[in-house]
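Below, each chain spelled out in residue letters.
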Amino acid sequence: MCGYSRVSQVVEPRQSLFHSMAKKKKAPPVGPAALPFEAPINDVRTRLAELEELAQKTTHDLSEELQFYRERLERLTDEIYSDLTAWNRVQVARHPNRPLTSDYIEQLCEDWIELHGDGVFGDDRAMVTGLATILGHKVMLIGHRKGRGTKDRLACNFGSAHPEGYRKALRKMRLAERMGLPIVCLVNTPGAYPGVAAEERGQARAIAENIFEMFDIKVPIIVMVIGEGGSGGALGVGIGDRVGMMENSWYSVITPEGCASILWRSAEGKEKAAEALKLTGTSLLKLGIVDKVVAEPTGGAHNHKTEAVQLVGRQIAAWLDELGALSTEELMRQRDLKFRNIAKAESQMLAAAELPAATEPLTAVEEPVADVLQVDPPRGGVPKPSQNPTEELK
């Protein structure tokens, strides 16, 4: 027994030492849902976290090393996020840790009272509506709800609303009009739900009715794209006196993947499609489609949730003060004029684009129409034209 106890005393410490060495050899973890272009940032962040943990366990002064990595992290984050492509911003807008409508309700809204149902079919969880107070302003809040976690996201259809969601939103807008409350819409959806059931219940009609009716709502309407602004799903609650976007959000008639699949029959060209769609805040601000791009903290809203939410809240409050000073007649006149002027964006885009001449031959990338359609000749060959036109009439 004495020999066994001595062996165990020697072996057990060595085993624990081997286990600790094995743990140290593991690859350092990266941030949750790290984006591909964020790899250098997460590498420095991981080293900084390890150094901070070591500094708590040792008596050595590591202040200089910690300061070096903190400065490097800040500098590297600023360099990368100051030069993001359109596709990079789409990726940031879809980040799972990005603030959602539920985060804005929790951190920004006081006296929140959720209102349910469309009065016709049911209550769509992908669209949340309710009464709230934002920085002293009583409002009707309407927003897309994506959900956190797999179960919640499935229940919310990942933010893609059904027709009853848009009818619920319109019903609450009319209630806000009767109560004299301004309306705040938070847009964050890849698009309206495309399922068969949604089409059977009138998806297109519900969105069209919302767009039509929102022009006639006689209270201020503020729209803020906080993440994704996809197609008619965004436009269904996207008509407002002031339309804003967060810096790393996107707003477009179609997703980059969908555009690439139509044009090149593959989603591989999504980066090129994102650039061509002009879907970022900077591009849309130049075209006059949005009124303001709200800057995000360096590193994106997903790394600074509270600060990003407060920035959006302050912009909404400033717009509410501005629109509150207008008469109803002036409010309606400016809203109508705003969206009429957006039509000028098309002529500006055509003038800025380098369109090829109509007489240019087809390039190697383009395909002749006949090859694409693959039109087969009729049976018996192509008929020859008749010499006597009267015979053809017979």
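Heads up: the structure comes first, above all this text.
Parameters at a glance
- Residues numbered from 1 in each chain as written.
- Predicted model: local features only at pLDDT ≥ 70, side-chain atom pairs only at ≥ 80, totals over all residues.
- Heavy atoms only, no water.
- Core = buried A, V, L, I, M, F, W, Y, C linked by side-chain atoms within 4.5 Å.
- Buried < 20%, exposed > 50% of the residue type's maximum accessible area, 1.4 Å probe, protein only.
- Helix = DSSP H or I, 4+ residues; strand = E, 2+ residues; numbered from the N terminus.
- Contact = heavy atoms within 4.5 Å.
- Phe/Tyr/Trp six-rings, centres within 6.5 Å; stacked < 30°, edge-to-face > 60°.
- Lys NZ or Arg CZ within 6 Å of the ring centre and 35° of its normal.
- Axes fitted to C-alpha atoms, helices over the stretch in contact; angles between N-to-C directions.
- Parallel < 35°, antiparallel > 145°, perpendicular 65-115°, else oblique.
- Left-handed = near helix turned anticlockwise from the far one by under 90°.
- Nonpolar A, V, L, I, M, F, W, Y, C, P; charged D, E, K, R; others polar.

## Quick look at the nonpolar core
Okay, so step 1: One finds Ile-142, Met-173, Ile-183, Cys-185, Val-237 and Tyr-251 to be the most contacted residues of the largest nonpolar core, which totals 32 residues.
Okay, so step 2: Looking at this core, the elements that each hand over two or more residues are strand S3 (137–144), helix H7 (163–179), strand S4 (183–189), helix H9 (203–214), strand S5 (221–230) and strand S6 (242–246).
Okay, so step 3: The leading source of residues in this core is H7, at four residues.
Okay, so step 4: Setting aside anything within four residues of it in sequence, one finds Ile-142 in contact with Met-127, Val-128, Thr-129, Ala-169, Met-173, Ile-183, Val-184, Cys-185, Leu-186 and Val-237.
Okay, so step 5: Formed by 25 residues, the second largest nonpolar core is a distinct cluster that contains Tyr-104, Val-128, Val-309 and Leu-320.

## Here's the deal with the packing of aromatic side chains
Okay, so step 1: A complete count under the given rule lists three aromatic pairs for this structure.
Okay, so step 2: Residues Phe-68 and Tyr-69 carry aromatic rings whose centres are separated by 5.3 Å and whose planes lie at 80° to one another, so their mutual orientation is edge-to-face.
Okay, so step 3: Note on Phe-68: relative accessible area 47%, which makes it partly exposed.
Okay, so step 4: Residue classification places Tyr-69 among the partly exposed positions, given a relative accessible area of 21%.
Okay, so step 5: The interplanar angle of 80° and the centroid separation of 5.3 Å between the aromatic rings of Phe-215 and Phe-339 together place this pair among those described as edge-to-face. Taken together, the residues span a long stretch of sequence, with Phe-215 in the loop between H9 and S5 and Phe-339 in helix H15 (residues 328–341) at a distance of 124 residues.
Okay, so step 6: Directly above the ring of Phe-121 sits Arg-201, whose terminal nitrogen or CZ lies 4.4 Å from the centroid.

## Re the packing of H7 against H9
Okay, so step 1: Across the interface, H7 lies against H9 with an axial gap of 8 Å and an inter-helix angle of 20°. Classified by the interaxial angle, the pair formed by H7 and H9 is roughly parallel. Two packed elements cross with a definite hand, and for H7 against H9 that hand is left-handed. Taken together, the residues of H9 that come into contact with H7 (itself represented by Pro-163, Tyr-166, Arg-167, Ala-169, Leu-170, Met-173 and Arg-174) are Gln-203, Ala-206, Ile-207, Glu-209, Asn-210, Glu-213 and Met-214.
Okay, so step 2: Within the contact of H7 with H9, the residues separate by chemical class into eight nonpolar, two polar and four charged.

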